[in-house]
Amino acid sequence: MLITTLPDKTYRNIAWAFMAVLFLIVCATFEHYGITWDEEIQNQYGEAVYDFYASGLRDRHYEQIFNLYLYGGMFDGVAAFVNQFTPFHIFETRHLLNALLGLVGIWGTWRLGRLVAGGFTGLVAMAMLALTPMYYGHMFNNPKDIPFAVGVIWTLYYMVKIFMRYPRLHWPSIVKLGLVFGLTLGVRVNGIMILGHFGFVLGIMALAEVKKQMTLRAFAKELRRGLAVFVPVALLSYGVMLFCWPWAQEAPLANPIRAIMEFSNFPQNVEVLLGGTIYRSAELPWYYVPAYLFAQLPLLHLLTMLAGLFMLTEIFLRLRKAGKRAAVALCFLTVFFPVLYAIFTKPALYDAVRHFLFILPPLCLLGALVIRRIVRAVFEPTDPPVRGSIRLVTGIVLLTLVFFPLYGMIRLHPYEYIYINVLNGGVRGGYSDYEMDYWSSSFKEASEELLAYIEHTGTKPKDGGNIFKLAICGSHEAATLYLPPTIQGVDSEADADFFLATTRWQCQDMRNGHEIIRIQRMGVPLSIIKDVRFFPPVESNFPPQDETTPREAKEAPLGEDDWQADHATEEEAHEEIVP
């Protein structure tokens, strides 16, 4: 049976079934995800964008919300509008919208894979993306990077549609590309680099046409044809971008350029953990992005990416149509050029590599092409036929590689984005080397456990009143959203009854106290709560100010002896309340 050449309808039905399962999972779990460090201010920006349009372009208070005016308001503005009509809480609505948009990205990956190399490739690509913990884990509560990644994959799809028909012009695809690319820029303007990739590949295809005649007239003809594609796409996408981005409308030429320059030298200078060492985000080593990708991508993705570097030429040549070859080149540029750019320019980065989520869909497509080649070589009829033992081993290896990320995502839910692959020791082995819950999304679970603890123990505030004070080291909004008025969030060093801390930046060491709650996955603590009513505060050294300081210990900073022996099973380690 030629499993890579089944009727297209069969692949399409499987893809729809796969998407239906993902949709049901999203609907069943979107309320499990807590808000992230950025979501409160992102919501404020979305409401400001909505107010701008609702006021007839007069209300400009979006300019006063941190530096978010540098970003387009496409997703946040739409979320603010939809929030007026849903029965859910504001952030639950945002999480559902975010996740549904993430599914659109998975569907776009299927469409692009199918367009380039058939339905089998599309299915493998979409499955690989769904099994990418970085993508899936961010899909629910990352309103910047997921919408941008979705825009990128659909932009690539319509670019490839144009390549497939070149040198004929297909105006419906040109118009759709302009609209989709404009929406992508309406999330983050530095997506303009993809237009450069498009122009480069289009130029190569034009030169291939010129070689057929090698005349000045032929060159002029291809130049006009190229401009007939490039100029309408650029103008239409620019107009759509302006519509999505209020600040850009103030100075349509200058402000987008200013935003690009700002992103190239982003002023954020926070502490970042890499390889057990703390760096400043503005002074990272050149290998920051490759190291995090090597740590957080599943082994399946790493191996197919490595194999792809050796098999790329063969895969490229087996795709007989110029448009399909152009598609592979475009995906290759989209994946590797941003990584190389980061290596050589060393921009300020933080929060692992969430800014690079947009490379994941085309990376999965390249990986799917490799898997397609392996399957065709091993499992389908060949002359001479492949030995059964080789087929068995290959099948076991592929299934095992699929099992690793799936198992990890189930165990980590709803914190899939902290996944570390087996080559780096898994989440437990990578705890002291890489960022874990850097967005404090586990504060939702911690807050819910605190309420249960107070009700179960009958604990009272130390001042004899009715209001508990919760000192917070991390995102206040990520915790207080889920707390009643009887629990008041205060600064991390303030006099308090309880202390809630993320384990990022060794935050949990700021206050002495009796640990009562620990939120953790796979044996790794993500946030803790201490009863500090009868403990004096310690002198704060948060955040550390050293430019580059080694992490103090490779073990979990709360002390292995204190908790590891009491957490023999994952269920206990999952969410224990310690009276």
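None of these values were measured; they are calculated from a predicted model. (Residues numbered from 1 in each chain as written. Predicted model: local features only at pLDDT ≥ 70, side-chain atom pairs only at ≥ 80, totals over all residues. Heavy atoms only, no water.)

### Here's the deal with the overall build of the protein
Okay, so step 1: Scanning the protein for helices and strands turns up 22 helices and nine strands.
Okay, so step 2: Taken over the C-alpha trace, the protein has a radius of gyration of 25 Å; the compact-globule value for 579 residues is 25 Å, and the two agree within 12%.
Okay, so step 3: Expressed as a percentage of its 579 residues, the buried residues of the protein come to 54%.
Okay, so step 4: Across the protein, the fraction of contacts at a sequence separation of at least 24, relative to all contacts at a separation of at least 6, is 74%.
Okay, so step 5: Accessible surface for the protein amounts to roughly 24,900 Å². Of this, 63% is attributable to carbon and sulfur atoms.
Okay, so step 6: Where the 47 positive side-chain charges of the protein centre and where its 53 negative ones centre are 20 Å apart. (Helix = DSSP H or I, 4+ residues; strand = E, 2+ residues; numbered from the N terminus. Rg over C-alpha atoms; globule rule 2.2 N^0.38 Å. Buried < 20%, exposed > 50% of the residue type's maximum accessible area, 1.4 Å probe, protein only. Contact = heavy atoms within 4.5 Å. Areas by Shrake-Rupley, 256 points an atom, 1.4 Å probe, with all protein chains shown as cover. Lys, Arg positive; Asp, Glu negative; His and termini not counted. Charge placed at Lys NZ, Arg CZ, Asp CG, Glu CD.)

### A few points about the pattern of salt bridges
Okay, so step 1: Summed over all chains, the structure comprises 20 salt bridges.
Okay, so step 2: Residues R225 and E222 are paired through a salt bridge, measuring 2.6 Å at the closest nitrogen-oxygen approach. Pair noted here: R225 and E222 are both in helix α10 (residues 216-244), with a separation of three residues, about one helical turn. Residues R225 and E222 agree in their burial class; the two are buried.
Okay, so step 3: Residue R354 pairs with D351 through a salt bridge whose shortest N-O separation is 3.0 Å.
Okay, so step 4: Here the residues in one salt-bridge network are D38, K144, D145, R188, D351, R354, E435 and R504, joined through shared partners. (Salt bridge = Lys/Arg side-chain N within 4 Å of Asp/Glu carboxyl O.)

### Observations regarding unusual backbone geometry
Okay, so step 1: P167 follows Y166 through a cis peptide bond whose omega is 15°.
Okay, so step 2: Across the junction of H413 and P414, the peptide omega takes the value 0°, indicating a cis bond.
Okay, so step 3: Along the chain, P414 turns up in the loop between α17 (388-412) and α18 (426-430).
Okay, so step 4: Its identity is not glycine, yet A352 carries a phi of approximately 55°, on the positive side.
Okay, so step 5: Among the structural elements, A352 can be located in the loop between α15 (322-345) and α16 (360-378).
Okay, so step 6: A positive phi angle, close to 60°, is found at S440, a residue other than glycine.
Okay, so step 7: Classification of S440 by relative accessible area gives buried; the value is 0%.

### Brief notes about the packing of helix α9 (residues 193-210) against α10
Okay, so step 1: Close contact between α9 and α10 brings their axes to 9 Å; oriented N to C, the two are set at 160°. It follows from the interaxial angle that α9 and α10 lie roughly antiparallel. Handedness of the crossing formed by α9 with α10: right-handed. Across from L195, F198, G199, L202, A206, E209 and V210 in α9, the residues of α10 making contact are A218, F219, E222, G226, V229, F230, V233 and A234. (Axes fitted to C-alpha atoms, helices over the stretch in contact; angles between N-to-C directions. Parallel < 35°, antiparallel > 145°, perpendicular 65-115°, else oblique. Left-handed = near helix turned anticlockwise from the far one by under 90°.)

### Some remarks on the pairing of strand β2 (residues 277-280)
Moving residue by residue along a regular strand, the side chains alternate between the two faces of the sheet.
Okay, so step 1: The side-chain alternation of β2 yields two buried faces, one formed by T277 and Y279 and the other by I278 and R280.
Okay, so step 2: Note that strand β1 (residues 271-274) and β2 share four bridges and pair antiparallel. Paired with L273 across the strands is I278, a residue of β2.
Okay, so step 3: What sits between β1 and β2 in their antiparallel hairpin is a turn of two residues, with G275 showing a positive phi close to 60°. (Pairing = 2+ DSSP bridges.)

### Section: the confidence of the model for the protein
Okay, so step 1: Mean pLDDT for the protein: 87, with 91% of residues reaching 70 or above.
Okay, so step 2: Segment residues 540-579 is flagged for pLDDT under 50; beyond a separation of four residues in sequence, or across chains, it makes 89 contacts in the model. (pLDDT = per-residue confidence, 0-100.)

### Here we look at the side chain of S441
Okay, so step 1: With respect to the helices, strands and loops of the structure, S441 is situated in the loop between α18 and α19 (443-457).
Okay, so step 2: Polar contacts involving the side chain of S441 include one to the side chain of D437, which spans 3.0 Å.
Okay, so step 3: Among all residues touching S441, those that are not within four sequence positions of it are G34, I35, N141, Y415 and Y417. (Polar contact = N/O pair within 3.5 Å; in protein donor to acceptor, adjacent residues only side chain to side chain.)

### A few points about the packing of helix α2 (residues 39-54) against helix α3 (residues 74-82)
Okay, so step 1: Their axes nearest at 7 Å, the elements α2 and α3 cross at an angle of 80°. Relative to α3, α2 is oriented roughly perpendicular. Facing α2, whose interface residues are Q42, Y45, G46, E47, V49 and Y50, α3 presents D76, G77, A80 and F81.
Okay, so step 2: Here the residues of the contact of α2 with α3 sort into five nonpolar, three polar and two charged. (Nonpolar A, V, L, I, M, F, W, Y, C, P; charged D, E, K, R; others polar.)

### Description of the state of the cysteines
Okay, so step 1: This structure, assessed with the given rule, holds one disulfide.
Okay, so step 2: Sulfur-sulfur distance for the disulfide between C473 and C507 comes to 1.5 Å. Across the S-S bond linking C473 and C507, the dihedral sits near -65°, which makes this disulfide left-handed. Of the two residues, C473 sits in strand β3 (residues 468-473) while C507 sits in the loop between β5 (498-502) and β6 (514-521), which places them 34 residues apart along the sequence. Residues C473 and C507 agree in their burial class; the two are buried. (Disulfide = S-S within 2.5 Å.)

### What about the layout of surface pockets?
Okay, so step 1: There is about 580 Å³ of room inside the largest pocket.
Okay, so step 2: Taken together, 21 residues make up the lining of the largest pocket; nearest its centre are N190, F263, S264, Y341 and P347.
Okay, so step 3: A total of four residues in the lining of the largest pocket trace back to one element, the largest contributor, which is α15.
Okay, so step 4: Tallied by class, the residues present in the lining of the largest pocket amount to 17 nonpolar, three polar and one charged.
Okay, so step 5: Approximately 480 Å³ is the volume attributed to the second largest pocket.
Okay, so step 6: In terms of lining residues, the second largest pocket is bounded by 19 residues, among which F120, L123, V124, A127 and V402 are the most central. (1 Å grid on protein atoms, 1.4 Å probe; cavity = no way out; pocket = protein on both sides within 12 Å on 5 of 7 lines; lining within 4 Å. Points joined across faces, edges and corners; volume = space filled by probe spheres on them.)

### Side note on a nonpolar patch on the surface
Okay, so step 1: Among the surface-exposed residues, F200, I204, L207, L216, F219, L223, L227, V231 and L235 lie close enough to one another that they form a single nonpolar patch of about 910 Å² accessible area.
Okay, so step 2: Elements supplying a minimum of two residues to the nonpolar patch: α9 and α10.
Okay, so step 3: Considering each element in turn, the nonpolar patch owes the most residues, six residues, to α10.
Okay, so step 4: Note on placement: L235 falls in helix α10. (Patch = residues over 30% accessible without salt bridge, like charges linked within 9 Å, V, L, I, M, F, W, Y side chains within 5 Å.)

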